[in-house]
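The primary structure of each chain is shown beneath.
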Amino acid sequence: MKYTQLGRTGLKVSRLVLGTMNFGPQTDEAGSHAIMDAALDAGINYFDTANVYGWGENKGRTEEIIGNWFAKGGERRDKVVLATKVYGNMAADGNAWPNHDKLSAVNIRRAVDASLKRLRTDYIDVYQFHHVDRRTPFEEIWQAIDVLVQQGKILYVGSSNFPGYKIAQANEIAARRGGTIGLVSEQCLYNLAERRAEMEVIPAAQEYGLGVIPWSPLHGGLLGGVIKKEVEGGRRASGRAAAALADTAIRAQVQSYEDLLDKHGAEPGETALAWLLTRPGVTGPIVGPRTAEQLDSALRAVELELSEDLLTGLDEIFPGPGPSPEAFAW
């Protein structure tokens with residue numbers, strides 16, 4: 001495994017981040033524990049989750065599965081950089097009681113204590129704001145965070161799904177308050193097929209020293225060889241990938257992608273991950289394996305070297321917006 005610093009911090013993290021969203025809904029506890037053991041054995045030390053994972057009536061279940069894994073001992077907790085998130089409505093029916101969601105100081109305090117209990121730990125390495133809360137001022141948010149840092153309950157703070165201007169606003173207010181390091185990471189939707197983050201989010205993250213953690217690196221399976229699997233194995237795409245392939249232009253684009261990789265003898269999913277690892281500012285993409293085999297495939301991406309010819313071909317098929325601000329300023 002290869003490692004890098006998380007943004008401007010001294011925290012060293014693996015170039016792949018283990019996403020745990022499938023733990024509970026799609027992978028049972030025993031299978032989830034096996035995947036986490038395999039990830040740790042492979043050198044992955046950055047695990048990402050959220051308080052709402054488990055979904056519906058089982059919100060919080062994913063954190064519980066991770067907590068039970070930590071409780072097995074073997075220095076599991078000490079070896080892991082643990083990231084979870086706050087914001088979501090934790091009510092099973094989606095009808096949150098007032099102040100039981102978003103980023104008020106009241107909910108942040110409540111949510112972190114609940115996560116710590118489920119995770120069976122006394123601290124969270126990276127506590128992330130899952131979404132922007134337009135009604136809570138950052139002065140209030142940072143005051144709540146400062147207390148949690150002083151109590152030793154969290155060490156660093158990150159954002160998720162933030163636009164560039166909110167990254168700037170959050171860190172400027174943190175700097176004015178003093179004593180707060182501010183955001184150190186941003187988790188955003190970013191992959192070959194979805195490159196809008198290059199317009200504002202990634203430039204803002206680089207300017208303020210945030211590590212970029214892309215989620216959905218295969219764009220819901222669209223970049224994982226979905227057409228080839230459909231033709232060879234009869235496995236039809238589902239979810240986001242199926243909806244995208246219904247568009248003939250997108251289907252042709254994905255076919256060109258798969259044809260290019262066939263020409264280079266490259267595997268689609270591994271290539272999509274390896275491409276993200278070449279991108280400026282990217283700490284590491286989140287991989288969310290449902291099985292040990294899927295984890296093995298993701299691990300191969302870390303060692304994969306993409307030729308300049310292949311990188312050029314990928315840019316031709318999936319052109320990005322271009323450098324910021326030139327791409328939209330003139």
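Located above this text is the structure these notes cover.
Summary of the structure given here. (Residues numbered from 1 in each chain as written. Predicted model: local features only at pLDDT ≥ 70, side-chain atom pairs only at ≥ 80, totals over all residues. Heavy atoms only, no water.)

A few points about the pattern of salt bridges
Here's step 1: All chains considered together, the criterion is met by 16 salt bridges.
Here's step 2: Put simply, Arg61 and Glu29 hold a salt bridge, and the shortest N to O gap is 2.6 Å. Linking Arg61 in helix H2 (residues 61-70) with Glu29 in helix H1 (residues 29-41), this pair joins segments that are 32 residues apart in sequence.
Here's step 3: Classification of Glu29 as partly exposed rests on a relative accessible area of 23%.
Here's step 4: Several salt bridges converge on common partners, so that one network encompasses Arg195, Glu198, Arg279 and Asp315. (Salt bridge = Lys/Arg side-chain N within 4 Å of Asp/Glu carboxyl O. Helix = DSSP H or I, 4+ residues; strand = E, 2+ residues; numbered from the N terminus. Buried < 20%, exposed > 50% of the residue type's maximum accessible area, 1.4 Å probe, protein only.)

Things to note about unusual backbone geometry
Here's step 1: A cis geometry characterises the amide bond from Ser324 onward to Pro325, with omega recorded as 5°.
Here's step 2: Residue position: Pro325 is located in the loop between helix H13 (308-317) and helix H14 (326-329).
Here's step 3: Of note in this structure, Asn161 is not a glycine but carries a positive phi near 65°.
Here's step 4: Among the secondary structure elements, Asn161 is positioned in the loop between strand E7 (154-160) and helix H6 (164-177).
Here's step 5: One non-glycine residue with positive phi stands out, namely Ser216, at about 55°.
Here's step 6: With respect to the helices and strands, Ser216 occurs in the loop between strand E9 (211-215) and helix H8 (226-233).

Side note on the packing of helix H11 (residues 268-277) against helix H12 (residues 292-303)
Here's step 1: Closest axis-to-axis distance for the H11/H12 pair is 8 Å, and the angle between their directions is 45°. In terms of orientation, H11 and H12 fall into the oblique class. Crossing hand, H11 versus H12: right-handed. Residue-level inspection shows Glu270, Leu273, Ala274 and Leu277 of H11 in contact with H12, the latter providing Ser297, Ala298, Arg300, Ala301 and Val302. (Axes fitted to C-alpha atoms, helices over the stretch in contact; angles between N-to-C directions. Parallel < 35°, antiparallel > 145°, perpendicular 65-115°, else oblique. Left-handed = near helix turned anticlockwise from the far one by under 90°. Contact = heavy atoms within 4.5 Å.)

Quick notes on the side chain of Thr9
Here's step 1: Tracing the backbone shows Thr9 in the loop between strand E1 (3-5) and strand E2 (12-14).
Here's step 2: Thr9 gets classed as buried once you look at its relative accessible area, which sits at 7%.
Here's step 3: Other than its neighbours up to four places away in sequence, Thr9 contacts Tyr156 and Val184.

A short note on the packing of aromatic side chains
Here's step 1: Applying the stated rule across the entire model yields 7 aromatic pairs.
Here's step 2: With a centroid separation of 5.6 Å and an interplanar angle of 45°, the aromatic rings of Trp69 and Phe70 are classed as tilted.
Here's step 3: Overall, the relative accessible area of 0% leaves Trp69 in the buried class.
Here's step 4: Judged by relative accessible area, which is 6%, Phe70 ranks as buried.
Here's step 5: With 6.1 Å between their ring centres and 65° between their planes, Phe129 and Trp142 make a pair best called edge-to-face. (Phe/Tyr/Trp six-rings, centres within 6.5 Å; stacked < 30°, edge-to-face > 60°.)

As for the pairing of E7
Here's step 1: Of all the 7 residues making up E7, 6 are buried; the element is thus mostly covered by neighbouring parts of the structure.
Here's step 2: Looking at chain direction, strand E6 (residues 124-129) and E7 are connected through 5 bridges and run parallel. Within the sheet, the bridge partner assigned to Phe129 lies in E7 and is Ser159.
Here's step 3: With 3 bridges connecting them, E7 and strand E8 (residues 183-189) associate as parallel partners. The partner of Ser160 across the bridge, within E8, is Gln187.
Here's step 4: Note that the unit made of E7, H6 and E8 has a crossover that is right-handed. (Pairing = 2+ DSSP bridges. Right-handed = clockwise from strand over helix to strand, strands pointing away.)

Points about the sheet that holds strand E10 (residues 286-287)
Here's step 1: Here 8 strands make up an open sheet; going across it, the order is E9-E8-E7-E6-E5-E4-E3-E10 and the pairing parallel. The open sheet has two edge strands with one neighbour each: E9 and E10.

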